[in-house]
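Residue-level structural notes
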Amino acid sequence: MIDYVIVGSGLAGICFAETATQNEKRFVMISDHSQNASLVAAGIYNPLVLKRFTMAWQAERQLDLAMRFYYRMQERLGVQFDHKLPVARILSSVEEQNNWFVTLDKPAFGRFMSADLLSNTNSFVKAPHQLGEVKETGRIDTVKMRECLLEELIKKQQFLDESFDYSALEVKADYIVYKDIKARNIIFAEGYGLKQNPWFNYLPLVGTKGEYLSIYAPELKEEKALKSACFLIPLGGGYYKVGATYKWKDKTSKTTIEAREELIQKLQKFISVDFEVVDQIAGIRPTVTDRRPLVGRHPDFRFKQLFVLNGFGSRGVLIGPYAAEALFTQIEKHHPLDAQMDISRFAVHWPSHQMK
Ligand SMILES: Cc1cc2nc3c(=O)[nH]c(=O)nc-3n(C[C@H](O)[C@H](O)[C@H](O)COP(=O)(O)OP(=O)(O)OC[C@H]3O[C@@H](n4cnc5c(N)ncnc54)[C@H](O)[C@@H]3O)c2cc1C
């Protein structure tokens, strides 16, 4: 019998798989390509919410843990996917400049906000009110990270490239059986795919579609990620990512002309340079009604070997390692989960009569 079956190979599945590997647990990952938030993501980590000058939920704790996690994972796999990248907020008025300094003085913010505003030196960037730089920011190349981990899992015969068939799961008293696999526990990490999961689709996962453009602007020569009407993220070689959109109705991963036009318009508000759109991608962020992750054991005692790791919203890079470790220590060491992300907060929504 192995320790875990992990369903999904996005940030949630990857973070749990890496945590399990580092703790010498045996597991199999099963994943298809139905969702792709983690591959679409720009992979930016930044503890601040730059729109409102607030700290993201548990950001300081998550950042410290995530940096150790990605460092160890890079060392173990012998690859680099964490790239330090300055992030600067273009301030739009004197009032915003003042807000920057007011926030900077609050406890904990000083670590992440630069005390000196930057003057704009790029003639193609419109920033008459200077820029506020965020410290300790960067970009995880999620595509490369996933590719390297999956390469290892495939070699070790720990990866099945297929859709999980929920009807084939047998839940026994102390273990689960899935086809010819017997495991102590199963971790569902399907992103927005959770909507198809009969054990966990009662959870209030909303799903927010996001689209990015890739542009080629060789003259721009900007090395910082800039946040203004949208994000502009340098990828190197004259290429940039521009995004992302937030849409709540459309739950497909198809790109749209509306998003392309919206992003071009937003970009032109703060950039005055010729560029060519070379690509467009879309995915669904697994967002939750109360903006907290969905982590933990199934509330029905009959399904106590079933766990969920989801609801990372728009901050999977920082939340992933933190939530995966919390879930792992809940299962292996019976440590209680942070109540704000524990799915027990939605236990009353579980329609227990549906499952025999
Ligand atoms: C446009 C956009 C930009 C973003 N930018 C950032 C960013 O800069 N920084 C940041 O931190 N976060 C960002 N995010 C958010 C981040 O991408 C998500 O929080 C995170 O990727 C969610 O990871 P996940 O593993 O839960 O879901 P996913 O990445 O969607 O992974 C789910 C996996 O499960 C698989 N799966 C689903 N159902 C089944 C099934 N039945 N059988 C088998 N496999 C299944 C899917 O195919 C997929 O492999 C962005 C998201 C979007 C959409």
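Residues numbered from 1 in each chain as written. Predicted model: local features only at pLDDT ≥ 70, side-chain atom pairs only at ≥ 80, totals over all residues.

Describing the overall build of the chain
The helix and strand inventory of the chain stands at 7 helices and 20 strands. Here the C-alpha atoms of the chain give a radius of gyration of 21 Å, agreeing with the 21 Å that 2.2 N^0.38 yields for 356 residues. The dimensions of the chain, computed from C-alpha atoms along their principal axes, are 65 × 40 × 40 Å. By the burial criterion, 44% of the 356 residues in the chain qualify as buried. For the chain, restricting intrachain contacts to residue pairs at least 6 apart in sequence, the fraction spanning at least 24 positions comes to 73%. (Helix = DSSP H or I, 4+ residues; strand = E, 2+ residues; numbered from the N terminus. Rg over C-alpha atoms; globule rule 2.2 N^0.38 Å. Buried ≥ 20, exposed ≤ 12 C-beta atoms within 10 Å, placed from the backbone. Contact = placed C-beta atoms within 7 Å.)

Regarding helix α1 (residues 11-22)
Counted at 1.5 Å a residue, the expected span for α1 with its 12 residues is 16 Å, and the 16 Å between its end C-alpha atoms agrees. With 10 of 12 residues buried, α1 is to be regarded as a mostly interior element. Taken as a whole, α1 has its buried residues at Leu11, Ala12, Gly13, Ile14, Cys15, Phe16, Ala17, Glu18, Thr19 and Ala20. Taken from the residues just after α1, glutamate 24 is the one with a positive phi, measuring 55 degrees. (Expected span 1.5 Å × (residues − 1).)

Some details on the site of the ligand
As a matter of local geometry, the ligand sits amid 44 residues, with Gly10, Gly191, Gly193, Gly210 and Gly316 nearest to it. Secondary-structure elements contributing two or more residues to the shell around the ligand are α1, β2 (27-31), α2 (37-40), β14 (208-216), β18 (276-285) and α7 (316-333). Classifying every residue of the shell around the ligand by side-chain character gives 18 nonpolar, 22 polar and 4 charged. Shared between two domains, the shell around the ligand takes at least three residues from each, and those domains are domain 1 (2-41 + 143-205 + 289-354) and domain 2 (208-285). (Near = placed C-beta within 6 Å. Nonpolar A, V, L, I, M, F, W, Y, C, P; charged D, E, K, R; others polar. Domains from an automatic or database assignment.)

Things to note about the domain arrangement of the chain
With domains assigned, the chain is organised as domain 1 (2-41 + 143-205 + 289-354) and domain 2 (208-285). Centre-to-centre, using C-alpha coordinates, domain 1 lies 30 Å away from domain 2. On the side of domain 2, 8 residues touch domain 1, which itself brings 7 residues to the contact. Classifying every residue of the side of domain 1 that touches domain 2 by side-chain character gives 3 nonpolar, 4 polar and no charged.

Remarks on unusual backbone geometry
Omega for the bond connecting glycine 243 with alanine 244 falls within 30 degrees of zero, at -5 degrees, which places this linkage in the cis form. Looking at the element boundaries, alanine 244 is found in the loop between β17 (239-243) and α6 (257-270). With a phi close to 55 degrees, glutamate 24 is a non-glycine residue in the positive phi region. Inspection of the secondary structure puts glutamate 24 in the loop between α1 and β2. Even without being glycine, phenylalanine 53 reaches a positive phi, approximately 55 degrees.

Digging into the pairing of strand β20 (residues 306-310)
Along β20, 5 of the 5 residues are buried, which leaves the element largely enclosed by surrounding structure. Side-chain alternation along β20 places Leu306, Val308 and Asn310 on one buried face and Phe307 and Leu309 on a second face that is also buried. Both strand β13 (residues 181-188) and β20 contribute to a ladder of 3 bridges, which runs parallel. Bridging from a neighbouring strand, isoleucine 187 pairs with phenylalanine 307 of β20. When strand β19 (residues 294-297) meets β20, the two strands line up antiparallel, connected through 4 bridges. Residue valine 295 lies in a different strand from β20, and its bridge partner there is leucine 309. (Pairing = 2+ DSSP bridges.)

Side note on the sheet that holds strand β16 (residues 231-236)
Reading across from one edge, β8-β7-β15-β16-β17-β14-β18 is the order of the 7 strands in this open sheet, with mixed pairing throughout. Only two strands of the sheet have a single partner each, and these edge strands are β8 (131-134) and β18. Within this sheet the neighbouring strands show an average axis-to-axis angle of 20 degrees, counted without direction. Alignment of β14 against β17, held across 5 bridges, turns out to be antiparallel. Pairing of tyrosine 216 across the sheet is with tyrosine 239, part of β17. (Axes fitted to C-alpha atoms, helices over the stretch in contact; angles between N-to-C directions.)

What to know about the nonpolar core
Residues Val5, Ile6, Phe16, Ile186, Ile187, Leu309 and Leu327 are the most contacted members of the largest nonpolar core, which totals 101 residues. Counting residues per element, this core draws most heavily on α7, which supplies 10 residues. If you count residues domain by domain, this core takes at least three from each of domain 1 (2-41 + 143-205 + 289-354) and domain 2 (208-285). Residues contacting leucine 309, with those up to four places away along its chain left out, are Ala12, Phe16, Ile187, Ala189, Val295, Ala323, Ala324 and Leu327. (Core = buried A, V, L, I, M, F, W, Y, C linked by C-beta atoms within 7 Å.)

Regarding the packing of helix α3 (residues 59-77) against α7
How two helices sit against one another is set out by the angle between their axes and by the gap between those axes. Contact geometry of α3 with α7 gives a least axis separation of 8 Å together with a crossing angle of 80 degrees. When the axis of α3 is compared with that of α7, the two are roughly perpendicular. Between α3 and α7, the contacting residues are Ala59, Arg61, Gln62, Leu63, Leu65, Ala66 and Phe69 on the first element and Val317, Leu318, Ile319, Pro321, Tyr322 and Glu325 on the second. Along the lines of polarity and charge, the residues of the contact of α3 with α7 split into 10 nonpolar, 1 polar and 2 charged. (Parallel < 35°, antiparallel > 145°, perpendicular 65-115°, else oblique.)

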